[in-house]
Amino acid sequence: MASVEFKHIEKIYPGNVHTVKDFNLKINDGEFIVFLGPSGCGKSTTLRMLAGLEDISGGEILINNKVVNDLEPIERDIAMVFQSYALYPHMSVYQNIAFALKLAGLSKSEIEEKVRPVADMLQLTPLLDRKPRALSGGQRQRVAMGRAMVRTPEVFLFDEPLSNLDAKLRNSMRTEIKTLHKKIKKTTIYVTHDQVEAMTLADRIVILRDGKVEQVGTPREIYHSPANKFVAGFIGSPAMNFIPVELAKDEGWHVDIAGQKLNLLGDVDDNQTDTKATLGIRPCDIHITPDLLTNPLVIKGTVENLELLGSTIQLTSRLGDSQITVEAPSSHMVNEDEVTNFYIDESRLHLFSDQTGLSMYKPNAVLE
Amino acid sequence: MFAMRKIRWGKYIFLMLVAGFVLVPMFATVLGGFKSLGELRTNPFGLPDVWEFEYYAQVFADGSIWLLMKNSLIIAFFSVLLTLIIGTMTAFTFSHIKFAGYKYIYNYFLIGMMFPAAAAILPLFLKIRDLGLLDSLSGVVIPQVAFGLGFSILLFRSFFEQLPSELFDAARVDGCSYIKFYWHVILPLSTPILATVGVFVLVASWNNYLLPLLVLNTEQQYPWTLGIMQYRGEYGIEWNRILAYVTVTITPAIVFFLFAQKYIVEGLTGGAVKG
Ligand SMILES: Nc1ncnc2c1ncn2[C@@H]1O[C@H](COP(=O)(O)OP(=O)(O)OP(=O)(O)O)[C@@H](O)[C@H]1O
Ligand SMILES: [Mg+2]
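Residues numbered from 1 in each chain as written. Chains lettered and ligands numbered in written order. Predicted model: local features only at pLDDT ≥ 70, side-chain atom pairs only at ≥ 80, totals over all residues. Heavy atoms only, no water.

- As recorded in an unreviewed UniProt entry, chain B goes by Carbohydrate ABC transporter membrane protein 2, CUT1 family and comes from Marinomonas polaris DSM 16579.
- In the Subcellular location (unreviewed entry) part of its UniProt record, chain B is described as follows: "Cell membrane".
- As stated in UniProt under Sequence similarities (unreviewed entry), the record for chain B gives "Belongs to the binding-protein-dependent transport system permease family." (UniProt positions renumbered as here; feature names shortened; annotations may be inferred.)

- An unreviewed UniProt entry lists chain A under the name Carbohydrate ABC transporter ATP-binding protein, CUT1 family (TC 3.A.1.1.-), with Marinomonas polaris DSM 16579 given as the organism.

1. Brief notes about the overall build of chain A
Then, in step 1: When helices and strands are tallied, chain A shows eight helices and 23 strands.
Then, in step 2: C-alpha extents for chain A along the principal axes are approximately 75 × 45 × 35 Å.
Then, in step 3: The proportion of buried residues among the 368 residues of chain A is 49%.
Then, in step 4: Put simply, of all contacts in chain A between residues at least 6 apart along the chain, 66% involve residues at least 24 apart.
Then, in step 5: Mean positive and mean negative side-chain charge positions of chain A (40 and 49 charges, respectively) differ by 9 Å. (Helix = DSSP H or I, 4+ residues; strand = E, 2+ residues; numbered from the N terminus. Buried < 20%, exposed > 50% of the residue type's maximum accessible area, 1.4 Å probe, protein only. Contact = heavy atoms within 4.5 Å. Lys, Arg positive; Asp, Glu negative; His and termini not counted. Charge placed at Lys NZ, Arg CZ, Asp CG, Glu CD.)

2. Examining the confidence of the model for chain B
Then, in step 1: For chain B, the average pLDDT comes to 86, and 95% of its residues sit at 70 or higher.
Then, in step 2: We note a pTM of 0.82 for the whole complex and an ipTM of 0.82 for its interfaces. (pLDDT = per-residue confidence, 0-100.)

3. Some words on the site of ligand 1
All names here are of chain A.
Then, in step 1: Near ligand 1, the surroundings consist of Y13, T19, S39, G40, C41, G42, K43, S44, T45, E160 and H193.
Then, in step 2: Residue S44 places a side-chain N or O atom 2.5 Å away from an oxygen atom belonging to ligand 1.
Then, in step 3: For ligand 1, whose free accessible area comes to 630 Å², the fraction covered by protein is 61%.
Then, in step 4: The greatest single-element share of the shell around ligand 1, amounting to three residues, is contributed by helix 1 (residues 43-51). (Near = heavy atom within 4 Å. Polar contact = N/O pair within 3.5 Å; in protein donor to acceptor, adjacent residues only side chain to side chain. Areas by Shrake-Rupley, 256 points an atom, 1.4 Å probe, with all protein chains shown as cover.)

4. Points about the layout of surface pockets
Then, in step 1: Within this model, the second largest pocket holds a volume of roughly 710 Å³.
Then, in step 2: Contributing to the lining of the second largest pocket are 27 residues, with L53 of chain A together with H96, F168, R172 and Y178 of chain B lying nearest its centre.
Then, in step 3: The set of elements that each furnish at least two residues to the lining of the second largest pocket consists of helix 4 (64-96), helix 7 (137-162) and helix 8 (165-174) of chain B.
Then, in step 4: Among the elements that line the lining of the second largest pocket, the one with the most residues is helix 8 of chain B, at four residues.
Then, in step 5: Within the lining of the second largest pocket, the residues separate by chemical class into 10 nonpolar, six polar and 11 charged. (1 Å grid on protein atoms, 1.4 Å probe; cavity = no way out; pocket = protein on both sides within 12 Å on 5 of 7 lines; lining within 4 Å. Points joined across faces, edges and corners; volume = space filled by probe spheres on them. Nonpolar A, V, L, I, M, F, W, Y, C, P; charged D, E, K, R; others polar.)

5. Focus: the packing of helix 2 (residues 93-103) of chain A against helix 3 (residues 108-121) of chain A
Residue and element names in this part refer to chain A.
Then, in step 1: One can describe the packing of helix 2 onto helix 3 by two numbers: an axis separation of 10 Å at closest approach and a directional angle of 130 degrees. When the axes of helix 2 and helix 3 are compared, the pair comes out oblique. Of the two elements, helix 2 crosses helix 3, and the hand of that crossing is right-handed. Of the residues in helix 3, those in contact with Y94, I97, A98, L101 and K102 of helix 2 are I111, E112, K114 and V115.
Then, in step 2: Within the contact of helix 2 with helix 3, the residues separate by chemical class into six nonpolar, no polar and three charged. (Axes fitted to C-alpha atoms, helices over the stretch in contact; angles between N-to-C directions. Parallel < 35°, antiparallel > 145°, perpendicular 65-115°, else oblique. Left-handed = near helix turned anticlockwise from the far one by under 90°.)

6. Here we look at the domain arrangement of chain B
Then, in step 1: Splitting chain B by domain gives domain 1 (2-57) and domain 2 (63-235).
Then, in step 2: On a C-alpha basis, the centroid separation for the pair domain 1 of chain B and domain 2 of chain B is 33 Å. (Domains from an automatic or database assignment.)

7. Here's the deal with the UniProt feature "domain: ABC transporter" (unreviewed entry) in chain A
Then, in step 1: Under the UniProt annotation, the feature "domain: ABC transporter" (unreviewed entry) is placed at residues 4-235 of chain A.
Then, in step 2: Between the end C-alpha atoms of residues 4-235 of chain A the distance is 26 Å, and the span holds 36% helix and 26% strand.

8. Regarding the interface of chain B and chain A
Then, in step 1: On the chain A side, the residues contacting the 15 residues of chain B number 25 residues.
Then, in step 2: When chain B packs against chain A, close to 1,800 Å² is buried across both sides, 61% of that on carbon and sulfur atoms.
Then, in step 3: For the pair chain B and chain A, the number of links is three salt bridges.
Then, in step 4: A salt bridge links R151 of chain A to D174 of chain B, with the shortest nitrogen-to-oxygen separation between them at 3.8 Å.
Then, in step 5: Counting every contact that joins chain B to chain A gives seven residue pairs in polar contact (both at pLDDT 80 or more).
Then, in step 6: Mapped onto the side of chain B that touches chain A, the elements with two or more residues apiece are helix 8 and helix 9 (178-189) of chain B.
Then, in step 7: Ranked by the residues each element gives to the side of chain B that touches chain A, the list is headed by helix 8 of chain B, at eight residues.
Then, in step 8: Its residues assigned to classes, the side of chain B that touches chain A shows eight nonpolar, two polar and five charged. (Buried area = accessible area lost by both parts, 1.4 Å probe. Salt bridge = Lys/Arg side-chain N within 4 Å of Asp/Glu carboxyl O.)

And the structure:
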């Protein structure tokens, strides 16, 4: 049973590179946490500080309510899977998995007793005598996981464990990791910059940018109620459309787009004095048929570019001065250069202050 | 196409010339031991007309060569051993631990590389004398290790730094201290570079003449390089005996080289391909 807590964690690399800034997070026992963010935002650094591989410049890290700042990695009861797998090239699969146990001074038979079930679970048993260079990428990945699991640590750390694999293998390994976590229920922290991995694996996602936490929440929260413009633009593919708007109020709050009034039916943050804002609409919330929508806003536009992606089509058009992307089922018939109606779902709008970038609007129908 | 073939032939000819420079004297030496003096004078390079085994037999019969070889072997063995142990440990420290002033200390070691032993004869002699190591094998071993250290640390360090840093991270998470990492991971992965440095040090030690001359006085301690000078003194004009003697003495170095060669080739190309 292990909880993990970061309290005001800072990391400053030599040369005054301030990589992690006031990082705070409490992770419950058994939770699957994903750190997600663009390259260089400090995900690995934070993870490595928790692992004990990197000095902590400020703040405290607690595992099971015990400060671990000055403990060696081995004393923290963690195991880590590295991006490059970092298998020992001169050892067989068996020796790789057994190495930590051997260092811990276990007897040969005890080691064997622990390695066998792990190898079975990861389907490595037929490969135990091979050297890492004679393994495929996916097999190496599993050895790296086996090496972490055999120690039965309290906390599992993964640093982009799947980024060296091809797309297909990545999907199956992702499922495998998910299944494993369900089975052994250990606290897990997983670093990635792949949002699909984050959305599918996480109990909660931590979005990082430039060493700062932008939002912490369940995948649903992050997707449906992004806390700020960065998160909104980072999550979701294709990316959310951003349209600069002027905020106005008569009977209720509304914005004008392409000469039409778009009513904001939810709660607008009244404290905002700024009337300049950015409207955010996800490509899948702009429809090309009014089906299933109650009282949508209808806007005429020309289809400028159309791409068939398989089950969906993706097209670009114009809304006032801004270009927008629309995603629709590919069963719909539209052609390039055609003028068509776009139906905007008023219950799925996002609005961000231009001053702070923070979300300033809560639609009535929030899907949690 | 034609030009390509020409270049290829040019390469072969060049390589054969180079190989010839090494091999012709070597064969002449080996074969010279089988020739009579007269034949040696008229036919220095060819195969002997009459194979005479007595000169080789005499070299072995004269028991002194065993003692000389034994001394050479002891000196070489400890030089290699100490250079490898001290060199890898120092290089490991420099590649993994960043402490205050490590750059200066590292460069201090490297300066040793630019220093020809011959130029340091006098201070070296005084130092060895002060340490009370004159006329002992360690008086030869220790300076040899010192002179070889700069170059071996350079090679070891660049090799260690090519090892992925995540390997060390993984080992730490598995519970390795620096020492354990050095012992369980670094050393087993370093066989190519160990063999490379080992051969260089061994050959240099085996052929070293100046240092033993400086340090050793009693014949009991002489390595073969000093022994051969005496032998030559005895049989000054009998070149066939001397050639036989030389052949016998360089054989161990060649055998060791052939044995280590497979690792050396691996060592020089090892980092080239991503594995
Ligand atoms: N040893 C170091 N010295 C100085 N700066 C460093 C060091 N290690 C990392 N950094 C910097 O810290 C920042 C964060 O690095 P980090 O490895 O944590 O990024 P990341 O979020 O894991 O990115 P990626 O997705 O590319 O792995 C980067 O800008 C990097 O240049
Ligand atoms: Mg990283």
